Each structure stands twice: as structure tokens, then as C-alpha cells.
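Reading the structure
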Amino acid sequence: MDLGISGKLAVVCASSKGLGRGCALALAEAGVDLVLNARGAEALENTAQEIRVRYNVNVQTVAADITTQDGQDSVLDAAGMPDILVNNAGGPPPGMWSDWQRDDFLAALDANMLTPIALMTRVLPSMIEKKWGRVVNITSQSVKAPIAVLGLSNSARAGLTGYVAGTARQVAPHGVNINNLLPGVHATDRIAFLDQSVADSEGKPIEEIASERAASIPTGTYGSAADFGAACAFLCSQQAKFMVGQNILLDGGAINATL
Ligand code: NAP
């Protein structure tokens, strides 16, 4: 399918690895020029170079912490007026409700709620002016079904989801579509880290933890960043113009719910 977005410009935050990288690759395959971001410059440049060679699109890199004002300024200075924004950042650490203090919540809110809101606030005016824009926020399956040890994530992402629910409807009349993608378990460094935490606490090998977890998902597998990226590219397509404020779950059927 031709997604109709060749020649558009996308900012993909937190995209040197994992799900952000998957989104960047899929957008590049659709002919989209990119501004990629991550804190670590080496992995970021490696991803950028791989995309340039494979897809022959323009790729700029901005090595910065997207949760800081400086990081947001540098990314948007590089991009100018992007047509597409993919919001992403690292997820908060696991823990117990009794571990979390005000500063832990502020860090989680900054990364997973206030940063995407700040970036949307800055790019939406030019999208509205151009009468075309797409924003995809990478959130989590925890929006639909809480993951107890990820209480910081549950809290911050619920806030972002509420913001998007209203804002998406305010900008939709201007040809700007905002939607959220909710990853279930995908094979990335983040999931390897979380599996390792469980393996350490249960004194089991990580392979056993991963295979038990995969078996608990109806597909029997973890998701792939490439498939996740393809869903993101679709949400950024011309054909997604009637999708507004949706929360799209990609979880292999793990959440047992009718709707
Ligand atoms: P990942 O494999 O650990 O990759 C994270 C990427 O984000 C890396 O490129 C990392 O590069 C970059 N990054 C992290 N913090 C950043 C920051 N402050 N500023 C700029 N770049 C940053 O993680 P992932 O699995 O793709 O997860 C992406 C998001 O989806 C996270 O919020 C995660 O909680 C959420 N999620 C993932 C899953 C899953 O199954 N993978 C499930 C539910 C939710 P640097 O470290 O160099 O900055």
C-alpha cells in the first residue's frame, strides 16, 4: 500500500533502538525524511546511517535527552516544522507503590506525559496551518490494563492518554490526527531489562522467564519492533485520516478483554 507520505518530514523521539527505531525504519520505507533522537550518539548515528543506506531518505540526528528543555529545543530546531511527530522516551523503572516519592513521579511525568505534551504544543500550530499533521504517541498496554510494578508508568501514561483524548478532537478539524500506540511485550532492550529484573528476583535464568512470558501471550511470541513500526507508519498515512484519538493495542492478545 502506498501510504502517501513520501517527502514528509518526521521527528521520531528516542529512536536509536527498540520501538522508536522500528517506527523510524517504517517511516523511511514510506519515503519520509527523518529527525532521529536519542541520548547516546553512537547507536543513534548507526541507526541513521543504516536508514540512509537502505531507504535513501534524509536523516538528521540530534543526540539529546528529549525530556529536557534543551533536548526538545535542539530536536525542534533541527526539524523546523515537521509533518509527523512520534513521541517516545524511556520507560520508568519498576518497583512497589511504597518505593515511589514525589521526585520519582515528577521524573515519570516529565518523560512520559509532559515531554510529549510539550512537543505536541510546539508542533501542532504549524501542522494546523499546513492543514496536515500526524502525531503518534508510544504509550503502553498499561493504559488498558495496569502493570502493578510499573505504577510510575501507569500514572504518567494515563495522564497523557487523557490529554490526547481531548486534544485529538480539537485539532482533527484541521487535518491533524493524534493517536496512541500501546505496545504489549516486544523484544527490545527495555523488555530484556525487565525480564532480567524478574530473573534476578526469582533466581531463574532469563531464558526461562522470557519463555514463560511468551507462553502467556496468545500468539506465543513477543512482538517485533518492525511490526510495531509498520503500525506507526500506517497511523501516519493519508489513509489514517479518519482515525482520531484512538488507543491501538499491539499485544498479541495478551490483554483478555472484549473491547
Ligand atoms: P528501548 O529498547 O530501551 O529503547 C529506548 C530508546 O529510547 C533508545 O533508543 C534510547 O536511547 C532512547 N531513549 C531513552 N530515554 C531517552 C531520553 N530521555 N531521551 C532521548 N532518547 C531516549 O525501549 P523500548 O522497548 O523501545 O520502549 C520504548 C517505550 O515504549 C518506553 O517508554 C517503554 O516503557 C514503552 N513500552 C515498551 C514495551 C516493550 O515491549 N518494549 C512495552 C510497553 C511499553 P538512549 O538510551 O541512547 O537515549
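First, a word on what this report is: a plain description of the structure on this page. (Residues numbered from 1 in each chain as written. Predicted model: local features only at pLDDT ≥ 70, side-chain atom pairs only at ≥ 80, totals over all residues. Heavy atoms only, no water.)

Before going further, it helps to examine helix α1 (residues 18-29). Taking 1.5 Å of rise per residue, 12 residues should cover 16 Å, and α1 covers 17 Å from first to last C-alpha, within 8% of that figure. Where burial is concerned, most of α1 is hidden: 9 out of the 12 residues are buried. For α1, every residue scored as buried is listed here: Leu19, Gly20, Gly22, Cys23, Ala24, Leu25, Ala26, Leu27 and Ala28. Where α1 terminates, the next one or two residues include glycine 31, which has phi positive at roughly 90°. (Helix = DSSP H or I, 4+ residues; strand = E, 2+ residues; numbered from the N terminus. Expected span 1.5 Å × (residues − 1). Buried < 20%, exposed > 50% of the residue type's maximum accessible area, 1.4 Å probe, protein only.)

Here we come to the nonpolar core. One finds Ile5, Val12, Leu27, Leu34, Leu36, Ile51 and Ile84 to be the most contacted residues of the largest nonpolar core, which totals 34 residues. If you list the elements that add at least two residues to this core, you get β1 (9-12), α1, β2 (33-38), α2 (41-55), β4 (84-87), β5 (133-138) and α8 (225-235). With 7 residues, α1 is the single largest residue contributor to this core. Dropping the residues within four chain positions of it, valine 12 is found in contact with Gly20, Cys23, Ala24, Leu27, Leu34, Val35, Leu36, Asn37 and Val86. (Core = buried A, V, L, I, M, F, W, Y, C linked by side-chain atoms within 4.5 Å. Contact = heavy atoms within 4.5 Å.)

This next bit is on the site of the ligand. Near the ligand lie 29 residues; those nearest to it are Ser16, Leu19, Ala89, His186 and Thr188. Measuring from an oxygen atom of the ligand, one finds a backbone N or O atom of leucine 19 at 2.7 Å. Here the ligand loses 89% of its free accessible area of 880 Å² to cover by the protein chains. Those elements that place two or more of their residues in the shell around the ligand are α1, β2 and α6 (189-202). In terms of residue class, the shell around the ligand is made up of 10 nonpolar, 13 polar and 6 charged. Two domains each provide a minimum of three residues to the shell around the ligand, namely domain 1 (9-184 + 225-248) and domain 2 (187-222). (Near = heavy atom within 4 Å. Polar contact = N/O pair within 3.5 Å; in protein donor to acceptor, adjacent residues only side chain to side chain. Areas by Shrake-Rupley, 256 points an atom, 1.4 Å probe, with all protein chains shown as cover. Nonpolar A, V, L, I, M, F, W, Y, C, P; charged D, E, K, R; others polar. Domains from an automatic or database assignment.)

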